[in-house]
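# Observations on the model geometry
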Amino acid sequence: MSLTIFQFFHWYYPKEKKLWNEVVKQAEHLQFIGISHVWLPPAYKSSAGENGVGYDVYDLFDLGEFNQKGSTVTRYGSKREYIKAIKTLHEHKMNVMADIVLNHKNGADESEKVHVIQVDANNRNEVVSEPMEKEIATKYYFPGRNKKYSEFVWDWKTFTGIDDCSDTNEKCIYKIINGYGDLWDDVVGDEFGNFDYLLGADIEFRNPAVTAELKYWGKWYVKTTGIDSFRLDAVKHISANFYKEWLDYLNQTFKKQFFTVAEYWSSDLKYLHEYLDVMENRVQLFDVPLHHNFFDASKKGKDFSLANIFNGTLVQTRPQSAVTFVDNHDTQPTQSLESFVEFWFKPHANAIILLRQQGIPCVFYPSYYGASYTVGDNTIELAPVPHLYKMLKIRQQFLEGEQNDYFDHPNVVAWCNKGTEENQDSGFAVVLSNNEDGFKEMNLGQHNGNKKFVDITESFNDAVVTNEEGTAFFPVKSRSISIWIKDIALDKIK
Ligand code: CA
């Protein structure tokens with residue numbers, strides 16, 4: 001079976017709707033549509049308590065169990081509900097992908113007097129002040145948890161740096177003089193000179209006490225919850241050596257290979273390849289360049305050549321390592337990395353990730369279920385992507401046999417999956433247009449000769465019948481997609 005990831009949340013998922021309980025309700029359906037991995041949001045206590053989405057981690061050991069930051073539960077529910085959600089997904093034969101956020105912490109319990117130097121925010125390798133003493137928020141001892149599970153206290157020795165804009169309106173980044181390294185940790189890439197520092201109190205992985213604690217935490221987390229795959233947040237800002245060590249430790253401890261997808265947010269293929277090389281294939285990477293191609297294609301319409309849709313992408317250059325996606329919680333409207341693929345192009349983009357053999361697709365919650373939310377004066381309505389259910393059912397049942405590509409025209413491209421003789425229902429053809437009506441002549445192999453194909457998008461009422469060799473002209477309507485499957489297979493995607 002082909003792997004298919006489902007990102008079961010978005011940035012504005014309402015806390016009143018208790019996500020963990022919703023997972024339990026949807027588990028059976030997710031299994032039915034062929035989902036193999038369900039990506040759940042960060043499960044630990046945020047510095048914003050039950051209002052935090054989870055990427056501003058306060059306490060890794062508080063999965064909605066302790067009264068900290070104004071509530072016992074997290075935005076998504078209690079620890080008990082979280083574990084029940086995971087168990088239910090396992091009962092339905094799916095893997096659970098936990099969101100691992102280890103770059104930084106937020107919401108310190110106390111501040112400390114610490115020696116720091118200020119660096120240039122645009123070139124973090126450039127020191128712009130003399131060493132000075134400064135009071136900064138770097139002490140975490142979690143009084144609400146009272147040392148249960150771990151007695152570790154985070155302090156200035158466990159962090160590389162912090163930003164503090166209280167004296168000025170500019171972004172001020174301070175490197176803590178903590179005894180580990182001259183300046184920042186080594187990370188892949190060189191934005192801002194060195195992009196180790198992202199936000200909050202940045203964790204110091206060169207401190208062996210920190211790595212030991214995070215290994216201990218990883219083991220505790222897996223044992224406590226039963227999670228069985230990882231999504232690594234913000235790896236652009238974390239030493240690759242740390243994650244190699246951390247993953248090896250957990251793989252050895254649990255005698256298995258945790259399926260792991262890392263988020264290296266860059267459209268520069270060079271850095272993605274470099275990261276994969278350093279990690280020696282321990283991880284998959286999200287195909288950020290492909291997402292940006294989708295975004296550009298949706299903005300430029302007919303002026304974007306669909307023949308180039310895979311240019312500069314991971315799925316083209318390292319298909320085994322690519323996790324393909326259309327949108328996520330960072331790119332959705334009003335978010336910081338907003339680059340939301342326009343609605344008319346979403347069927348095109350979802351067909352490209354779901355109905356081809358290269359890459360592991362990740363489906364975004366609002367694409368399937370829709371979403372509506374208000375941010376400031378903006379009310380956002382996200383409608384479900386048309387035909388997504390049928391695409392998932394086709395992927396689940398018919399994605400086999402040889403794939404033939406016809407990316408030979410700027411405005412009409414196509415591919416077909418020939419299927420196999422054993423699976424009579426298999427064999428399908430996909431045609432995409434970003435301009436006028438069009439068609440593509442395709443061959444699906446002799447075993448598909450004299451077969452009737454119908455368009456599941458219902459743009460066309462008439463069937464297409466292949467000739468003896470299995471060849472036919474498959475049409476598509478303007479700025480649309482058509483997916484042609486055998487008429488005898490229609491019942492299978494109901
Ligand atoms: Ca960092």
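Every chain is numbered independently, its residues counted from 1 as its sequence is written. Local features in this predicted model are restricted to residues whose pLDDT is 70 or higher, and side-chain atom pairs enter the listing and the counts only when it is 80 or higher, whereas totals over whole chains, interfaces and linings include all residues. Just so you know, side-chain values use all the structure's heavy atoms and leave hydrogens and water out.

## Describing the pattern of salt bridges
In the sections that follow, a salt bridge refers to a side-chain nitrogen of Lys or Arg positioned within 4 Å of a carboxyl oxygen of Asp or Glu. Tallied over the entire structure, the rule returns 28 salt bridges. The closest approach of N and O atoms between Lys134 and Asp164, which form a salt bridge, is 3.6 Å. Taken together, the residues span a long stretch of sequence, with Lys134 in strand β9 (residues 132–139) and Asp164 in the loop between β10 (159–163) and β11 (173–176) at a distance of 30 residues. In this structure, Lys236 engages Glu191 in a salt bridge whose closest nitrogen and oxygen atoms are separated by 2.9 Å. With Lys236 in the loop between β13 (229–232) and α4 (240–253) and Glu191 in the loop between β11 and β12 (201–203), this pair connects stretches of sequence that are 45 residues apart. Given the relative accessible area of 8%, Lys236 is considered buried. One salt-bridge network, held together by shared partners, links Asp99, Arg231, Asp233 and Glu263. The helix count covers DSSP runs of H or I at least four residues long, the strand count covers runs of E at least two residues long, and both are numbered beginning at the N terminus. The cut-offs for exposure are 20% and 50% of the maximum accessible area for each residue type, with area from a 1.4 Å probe on protein chains only; residues under the lower value are buried, those over the upper are exposed, and the others partly exposed.

## So, the domain arrangement of the chain
Throughout, the edges of the domains are those of an automatic or database domain assignment. Each assigned domain of the chain is listed here: domain 1 (5–102 + 209–394), domain 2 (105–207) and domain 3 (401–493). Just the C-alpha atoms count here: the centres of domain 1 and domain 3 sit 31 Å apart. Summed over both partners, the accessible area lost on bringing two parts together, with a 1.4 Å probe, is the buried area. Here domain 1 meets domain 3 over a buried area of about 2,100 Å², counting both sides, of which 63% is carbon and sulfur. A per-residue breakdown of the area domain 1 buries against domain 3 is headed by Leu306, Arg356 and Ile394, which together make up 26% of the total. At the surface where domain 1 touches domain 3, the tally comes to 2 salt bridges. A salt bridge links Asp405 to Arg356; its shortest N-O distance comes to 2.8 Å. Polar contacts, as counted here, are pairs of nitrogen or oxygen atoms within 3.5 Å of one another; within protein the pair requires one atom able to donate a hydrogen and one able to accept it, and residues that are adjacent in sequence qualify only if both atoms are side-chain atoms. Where domain 1 packs against domain 3, one counts 12 residue pairs in polar contact (both at pLDDT 80 or more). Those elements that provide at least two residues to the side of domain 1 that touches domain 3 are α8 (346–354) and α10 (388–398). If one sorts the elements of the side of domain 1 that touches domain 3 by residue count, α10 sits on top with 5 residues. Just so you know the grouping, Ala, Val, Leu, Ile, Met, Phe, Trp, Tyr, Cys and Pro go in nonpolar, Asp, Glu, Lys and Arg go in charged, and all remaining residues, Gly too, go in polar. Across the side of domain 1 that touches domain 3, the residue classes break down as 13 nonpolar, 6 polar and 4 charged.

## Re the sheet that holds strand β5 (residues 95–100)
Here, strands pair whenever DSSP counts at least two bridges between them. The 8 strands are arranged β1-β2-β5-β13-β14-β15-β16-β17 in a closed barrel whose pairing can be described as parallel. Neighbouring strand axes in the sheet, compared pairwise and without regard to direction, differ in orientation by 25 degrees on average. Relative to strand β2 (residues 37–39), strand β1 (residues 5–7) runs parallel, the two being bridged by 3 bridges. Looking at the pairing, Phe6 lines up with Val38 of β2. Throughout, a residue-residue contact means that at least one pair of heavy atoms, one from each residue, lies within 4.5 Å. Interaxial angle, 0 to 180 degrees, is taken between N-to-C directions of lines fitted to C-alpha atoms, where a helix line uses only the stretch in contact. Across the sheet, α4 lies against β5, β13 and β14 (259–262), angled at about 170 degrees from β13, the strand it touches most.

## Overview of the sheet that holds strand β27 (residues 481–486)
Strand pairing in a sheet relies on backbone hydrogen bonds, with the paired strands running either antiparallel or parallel. Spatial strand order, β20-β21-β22-β27-β24-β25: 6 strands in an open sheet with antiparallel pairing. Each edge of the open sheet is held by one strand with a lone partner, namely β20 (403–406) and β25 (464–465). Across the sheet, α8 touches β21 (412–417), β22 (428–433) and β27, and the angle it forms with β22 is around 145 degrees. Sitting on the sheet, α10 is in contact with β22 and β27, with an inclination near 40 degrees to β27.

## Observations concerning the coordination of the calcium ion
Any N, O or S atom lying within 2.8 Å of the metal counts as a donor, with the limit raised to 3.2 Å for Na, K and Ca; because water is left out of the atom set, some sites can appear incomplete. Protein coordination at the calcium ion: the donors are Asn103 (OD1), Asp196 (O), Asp196 (OD), Asp202 (OD), Asp202 (OD) and His237 (O), at 2.3 to 2.8 Å from the metal. Binding-site remark: the calcium ion is held by donors from one chain whose sequence spacing is N-x92-D-x5-D-x34-H. Of the two residues, Asp202 sits in strand β12 while His237 sits in the loop between β13 and α4, which places them 35 residues apart along the sequence. Of the residues examined, Asp202 reaches a relative accessible area of 0% and is grouped as buried.

## Examining empty space enclosed by the protein
A 1.4 Å probe that fits but cannot get out identifies a cavity on a 1 Å grid over protein atoms alone, an open set with protein on both sides within 12 Å along at least five of seven lines counts as a pocket, and a residue lines either if it has an atom within 4 Å of a point. Grid points are joined across faces, edges and corners, and a volume is the space filled by probe spheres set on the points. One pass over the structure, following the stated rule, counts 2 cavities of 30 Å³ or more. What the largest cavity holds in volume is close to 50 Å³. Lining the largest cavity, in full, are Asp59, Leu60, Phe61, Lys105, Phe142, Arg145, Ser150, Phe152, Trp154, Glu213, Leu214 and Trp217. The element contributing the most residues to the lining of the largest cavity is helix α3 (residues 208–225), with 3 residues. For the lining of the largest cavity, a count of residues per class yields 7 nonpolar, 1 polar and 4 charged. Residue contributions to the lining of the largest cavity reach at least three from each of two domains, namely domain 1 (5–102 + 209–394) and domain 2 (105–207).

## Comments concerning the nonpolar core
Residues grouped as a nonpolar core are buried Ala, Val, Leu, Ile, Met, Phe, Trp, Tyr and Cys residues, joined through side-chain atoms within 4.5 Å. Counting 132 residues, the largest nonpolar core has Ile100, Tyr221, Tyr243, Trp246 and Tyr275 as the members making the most contacts within it. Setting aside chain neighbours within four positions, we find Tyr243 in contact with Ile100, Leu102, Leu232, Val235, Ile238, Tyr275 and Met279. Core analysis: the next-biggest nonpolar cluster, separate from the first, contains 14 residues, Ala429, Val431, Phe453 and Phe474 among them.

## Description of the pairing of strand β19 (residues 378–382)
With 5 bridges connecting them, strand β18 (residues 371–375) and β19 associate as antiparallel partners. Directly across from Thr374, in β19, lies its bridge partner Thr379. Between β18 and β19, which pair antiparallel and follow one another directly, the connecting turn spans 2 residues, one of which, Gly376, has a positive phi of 60 degrees.

## Re the packing of aromatic side chains
In this analysis, rings of Phe, Tyr and Trp, with Trp reduced to its six-membered ring, are considered paired at centre separations within 6.5 Å, and the interplanar angle assigns stacked below 30 degrees, edge-to-face beyond 60, and tilted for intermediate values. Taken as a whole and assessed by the stated rule, the structure comprises 48 aromatic pairs. Ring centres 5.1 Å apart and planes at 80 degrees place the aromatic pair Phe152 and Trp154 in the edge-to-face group. A residue is classified by how much of its surface remains accessible, and Trp154, at 3% relative accessible area, is buried. In textbook terms, an aromatic cluster arises when at least three aromatic residues are bridged by ring pairs, as seen for Tyr44, Phe205, Trp217, Tyr221, Phe230, Phe242, Tyr243, Trp246, Phe254 and Phe258. Either the NZ atom of lysine or the CZ atom of arginine qualifies as a charge over a ring when it sits within 6 Å of the ring centre and within 35 degrees of the ring normal. For the cation-ring pair, Lys69 lies above Tyr58, with the distance from its terminal atom to the ring centre recorded as 4.5 Å. Lys393 extends its terminal NZ or CZ atom over the ring of Phe32, reaching a point 3.5 Å from the ring centre.

## Some remarks on the layout of surface pockets
Here the largest pocket is characterised by a volume of approximately 500 Å³. Class assignment for the residues of the lining of the largest pocket results in 10 nonpolar, 6 polar and 6 charged. Computed from the structure, the second largest pocket encloses a volume of approximately 180 Å³.

## As for the environment of Ile5
Tracing the backbone shows Ile5 in strand β1. The exposure class assigned to Ile5 is buried, which follows from its relative accessible area of 1%. The spatial distance from the C-alpha of Ile5 to the C-alpha of Phe474 is 30 Å, given a sequence separation of 469 residues. Apart from residues lying up to four places away in sequence, Ile5 is in contact with His37, Trp39, Met97, Phe259, Val261, Val323, Ile360, Pro361, Cys362 and Val363.

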